[in-house]
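Survey of secondary and tertiary structure
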Amino acid sequence: MKPLSAIMPVLSFSMALGFSLVSTVVRAETVSLPMDTLPSRTTLPNVSPANSALANRGAYVARSADCMACHREDYSGGVPIETPIGNIYSTNITPSKKYGIGNYTEADLKKALRRGRAPNHQIYPAMPYPSYHGMTDDDISALFAYFQTVPVVDKPPEKTTHLPFPLNIRSLMLAWNVINVPATENRAGLTQTQQRGEYLVNNLEHCGTCHTPRNLTQGLDKDRYLSGAPLGKWFAPNITPDNDTGIGLWSEMDIVTYLRTGTLDKRAYAGGPMAEAVAHSTRYLTDEDLIAMASYLKVVPAIKTDDYLIPVNVSRLPQPVSDSITYDLLEQKDYLAQAKTNTVSNANKSGLNSNAPKDLYLAHCASCHGVDGYAQPDARYASIVGLSSIRRVKPDALVGVIAFGAKGAFNTAPKMPGFSKDLSPAQIASITNYVRVTFGGLPNSDVSAADVTRVIKEKS
C-alpha cells in the first residue's frame, strides 16, 4: 500500500466494466507527453459494478501502493521480505476476523499505515509505513472500503515472523519510529503534476524503500535519497537524474515506458523486486500518474555515486541475424544449434575446451537470450543487448543475476535459473565478461573468480 498526495490531482481511470472514478480536485495542467504514444495500460482487476465507487477507487489505491507484491494477489500474506535482521513475513490482510484484518476499523488501518501500529502490537518497518505515513485520509478511506470487498482467506500465512531476542520485542519500534518516520518530506516549488508524482514516488509506491541507502538505524538516508541501495540478492540502482550514474539521460517517456512495461530497449529490463513492482503495480497506473512520477523523478536532486554506467558504444553491439529471429522459434533453435556446432568444431581444431567464454554462454544462456543476445521478447525472454545492468563499472548486479537467477516482470514471463550451484566462480566470471563485452559493447571486462565468490558470499 502507498499514499496519495495532499494536493491530489484528478485520479481518473476507466474500467473495462464501463465506469470511471474521478477525484474532486482539478487535473494537473502540466502533462507534457502525448497520451496516444504511451504504451497500453493493463486493465485494472479487482473492481466490480457491485462495489461502491469508493471501494473501486480503493482497488486503484491498493495497486498504487503495491500491496500485492508483499501480501500476494489474494492478500493472504506469507511472503518473505529480506531484511538485515532476518526474514519478515507479510501478514494476511483479507477481511478474515481470525487471521486477517476483519476486525480493523478505519482508524485501525490509518494507525497501521501511518504509524506502524496494529491494534495489539507494533509493525516491523518491512511494511513501509515510514512512506505510507504521508497517505491522505481520502486514500485510506478508499482503501479501507476496498478491503471490505476482498474475498476472505480464513487461514494464517504459511510462514510467520520469528526474530531472535531482543529483535522480537516489537515495542522497540517505537524508538525507531521517532527517528525514522516520516521517511520523506514534501518539497516546495513543484508543479501540480510533480506534486502528484512526489506523492506517488515518496509515499504510495514507496520507491525510496528499495532505492535509498540506509543509515545506522536502518532508516532511509535522506541525504542519499533514491541514489541506489543493496536489496537482498539484488541492487536497486540510482534513479536520481544524474547523467553518469543515475537515469538523467532517460526522457520522461523512457521512464513511463519502463514503469508500464518493465523494459526499455537496449537500456533496462526489470527483474527481481522491480519486476514485482511492475507486475503488481505500475503497469496498472493511469497515464497521468505515470507521467507525474516521471516528471517528479526528473527534478529530484541528482546524486552521483561511484557505480558509473559505461556509455553504450552502438558500433560494438551485435545486430540480430535476421528480422524474424526474435519471434521465430525454429529459426532461433536452428541458429543456436549451428553456433554450437561451429564453436565445438573450432574448439576441437584449436585444442580449446568447453570453458571458453562463448561456449559457456551458448551452453547455458543462449537458448533463452539468443546467440546474439536479442532473445524472443514476444515470448518474454529478455533481450540483453545494451542493458545498463551489464554496463556498470561494478559488475555485481550482473554477477548476482547469473548466480541467483531472476524473475521477469510478469507472471507469464519465464523465470531465469541461477547457476551458482552448477557453475564454478571462474565459469560465472567467464560468462559475465563475455556478456559485458559482447552484448554491453564494453571494450574489455576483467571480472574474476574472486569477484564472483565475493558477490555470492555477500548475497547468500
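What comes next is a walk through the structure. (Residues numbered from 1 in each chain as written. Predicted model: local features only at pLDDT ≥ 70, side-chain atom pairs only at ≥ 80, totals over all residues. Heavy atoms only, no water.)

This part covers the environment of glutamate 106. Along the polypeptide, glutamate 106 turns up in helix α3 (residues 106–115). In this structure, the C-alpha to C-alpha distance between glutamate 106 and alanine 142, residues 36 residues apart in sequence, is 9.8 Å. Contact partners of glutamate 106, with chain neighbours within four places excluded, come to Ser141 and Phe144. Separated by 2.5 Å, the side chains of glutamate 106 and serine 141 make a polar contact. (Helix = DSSP H or I, 4+ residues; strand = E, 2+ residues; numbered from the N terminus. Contact = heavy atoms within 4.5 Å. Polar contact = N/O pair within 3.5 Å; in protein donor to acceptor, adjacent residues only side chain to side chain.)

Looking at where aspartate 221 falls in the secondary structure, it is placed in the loop between α8 (208–211) and β5 (229–231). Among the polar contacts listed, one links the side chain of aspartate 221 to the side chain of arginine 224, at a separation of 2.8 Å. Once residues lying within four places of it in the same chain are set aside, the contact partners of aspartate 221 are Thr212, Pro213, Arg214 and Asn215.

Right, let's get into the state of the cysteines. One pass over the full model with this rule turns up zero disulfides. In this structure cysteine 67 is a free cysteine whose sulfur lies 8.8 Å from that of cysteine 70, the closest cysteine sulfur available. This cysteine, cysteine 207, is not joined by any disulfide, and cysteine 210 carries the nearest cysteine sulfur, 8.6 Å off. A relative accessible area of 14% means that cysteine 207 is categorised as buried. (Disulfide = S-S within 2.5 Å. Buried < 20%, exposed > 50% of the residue type's maximum accessible area, 1.4 Å probe, protein only.)

Taken across its 11 residues, helix α5 (residues 137–147) has nine buried, putting it largely inside the fold. Of the residues making up α5, those classed as buried are Asp139, Ile140, Ser141, Ala142, Leu143, Phe144, Ala145, Tyr146 and Phe147. At its buried positions, α5 is contacted by α1 (53–64), α2 (67–71), α3 and α7 (192–204).

Moving on, we come to the pattern of salt bridges. Taken as a whole and judged by the stated rule, the model has 15 salt bridges. Close ionic contact of arginine 63 with glutamate 73 constitutes a salt bridge, the shortest N to O distance being 2.9 Å. Of the two residues, arginine 63 sits in helix α1 while glutamate 73 sits in the loop between α2 and β3 (80–81), which places them 10 residues apart along the sequence. A relative accessible area of 1% places arginine 63 in the buried class. (Salt bridge = Lys/Arg side-chain N within 4 Å of Asp/Glu carboxyl O.)

Moving on: unusual backbone geometry. Most peptide bonds adopt trans geometry, and most residues besides glycine take a negative phi value. A cis amide bond links phenylalanine 165 with the next residue in sequence, proline 166, at an omega value of 5 degrees. As for its placement among the helices and strands, proline 166 is situated in the loop between α5 and α6 (173–180). In this model, valine 181 is joined to proline 182 through a cis peptide bond whose omega is 0 degrees. Here proline 182 shows up in the loop between α6 and α7. Positive phi is not limited to glycine here, since tyrosine 75 has a value of about 65 degrees. With respect to the helices and strands, the residue tyrosine 75 is situated in the loop between α2 and β3. Although it is not a glycine, histidine 206 adopts a positive phi angle of roughly 40 degrees. If you trace the backbone, histidine 206 turns up in the loop between α7 and α8.

Let's shift gears to the packing of helix α16 (residues 425–438) against helix α17 (residues 449–459). Following both chains from N to C, one finds α16 and α17 inclined at 105 degrees, their axes separated by 8 Å at the closest point. When the interaxial angle is binned, α16 and α17 end up roughly perpendicular. Between α16, through Pro425, Ala426, Ile428 and Ala429, and α17, the contact on the second element is made entirely by Ala449, Val452, Thr453 and Ile456. Its residues assigned to classes, the contact of α16 with α17 comprises seven nonpolar, one polar and no charged. (Axes fitted to C-alpha atoms, helices over the stretch in contact; angles between N-to-C directions. Parallel < 35°, antiparallel > 145°, perpendicular 65-115°, else oblique. Nonpolar A, V, L, I, M, F, W, Y, C, P; charged D, E, K, R; others polar.)

Glancing now at the environment of phenylalanine 147. Tracing the chain through its elements places phenylalanine 147 in helix α5. Its relative accessible area of 2% is what places phenylalanine 147 among the buried residues. Here the alpha-carbon distance between phenylalanine 147 and glycine 58, two residues 89 residues apart in the chain, equals 7.9 Å.

Residue placement: leucine 204 occurs in helix α7. Here leucine 204 falls in the buried class, since its relative accessible area comes to 0%. Taking C-alpha positions, leucine 204 is 8.3 Å from glycine 134, a pair spaced 70 residues apart along the chain.

Attention now goes to the layout of surface pockets. Rolled over the atoms, a probe as big as a water molecule pinpoints where empty space is left. By volume, the second largest pocket amounts to about 890 Å³. Lining the second largest pocket are 41 residues, with Thr91, Asn92, Tyr104, His121 and Ile123 positioned closest to its centre. Its residues assigned to classes, the lining of the second largest pocket comprises 24 nonpolar, 12 polar and five charged. (1 Å grid on protein atoms, 1.4 Å probe; cavity = no way out; pocket = protein on both sides within 12 Å on 5 of 7 lines; lining within 4 Å. Points joined across faces, edges and corners; volume = space filled by probe spheres on them.)

We now examine the side chain of aspartate 108. Relative to the elements of secondary structure, aspartate 108 occurs in helix α3. One buried charged residue, aspartate 108, remains without a salt bridge, the closest side chain of opposite sign being lysine 111 at 5.2 Å. Each residue touching aspartate 108, except ones within four places of it in the same chain, is listed here: Asn103, Arg117 and Pro119. (Lys, Arg positive; Asp, Glu negative; His and termini not counted.)

Moving on, we get to the nonpolar core. Core analysis: the largest hydrophobic core is formed by 67 residues, its most contacted members being Tyr75, Met135 and Tyr146. Within the second largest apolar cluster, 31 residues are counted, among which are Ala339, Leu387, Tyr434 and Ile456. (Core = buried A, V, L, I, M, F, W, Y, C linked by side-chain atoms within 4.5 Å.)

In this model α7 runs 17 Å from its N-terminal to its C-terminal C-alpha over 13 residues, within 8% of the 18 Å that 1.5 Å per residue would give. Here α7 lies mainly inside the structure; 12 of its 13 residues are buried. Listed in full, the buried residues belonging to α7 are Thr193, Gln194, Gln195, Arg196, Gly197, Glu198, Tyr199, Leu200, Val201, Asn202, Asn203 and Leu204. Of the surrounding secondary structure, the elements contacted by the buried residues of α7 are α1, α4 (129–132), α5, α8 and α11 (287–297). The first or second residue beyond α7 is histidine 206, which carries a positive phi of 40 degrees. (Expected span 1.5 Å × (residues − 1).)

Here the focus is the packing of aromatic side chains. Evaluation of the coordinates by the stated rule reveals eight aromatic pairs. Geometrically, the ring pair formed by tyrosine 75 and tyrosine 146 is edge-to-face, given 6.1 Å between the ring centres and 75 degrees between the ring planes. Of the two residues, tyrosine 75 is situated in the loop between α2 and β3 and tyrosine 146 in helix α5; the sequence distance between them amounts to 71 residues. Since its relative accessible area comes to 1%, tyrosine 75 is described here as buried. On the basis of relative accessible area, tyrosine 146 is assigned to the buried category, the value being 3%. Look at tyrosine 434 and phenylalanine 439: their rings are 5.9 Å apart centre to centre, the planes differ by 85 degrees, and that puts the pair in the edge-to-face class. A single burial state applies to tyrosine 434 and to phenylalanine 439, both of which are buried. (Phe/Tyr/Trp six-rings, centres within 6.5 Å; stacked < 30°, edge-to-face > 60°.)

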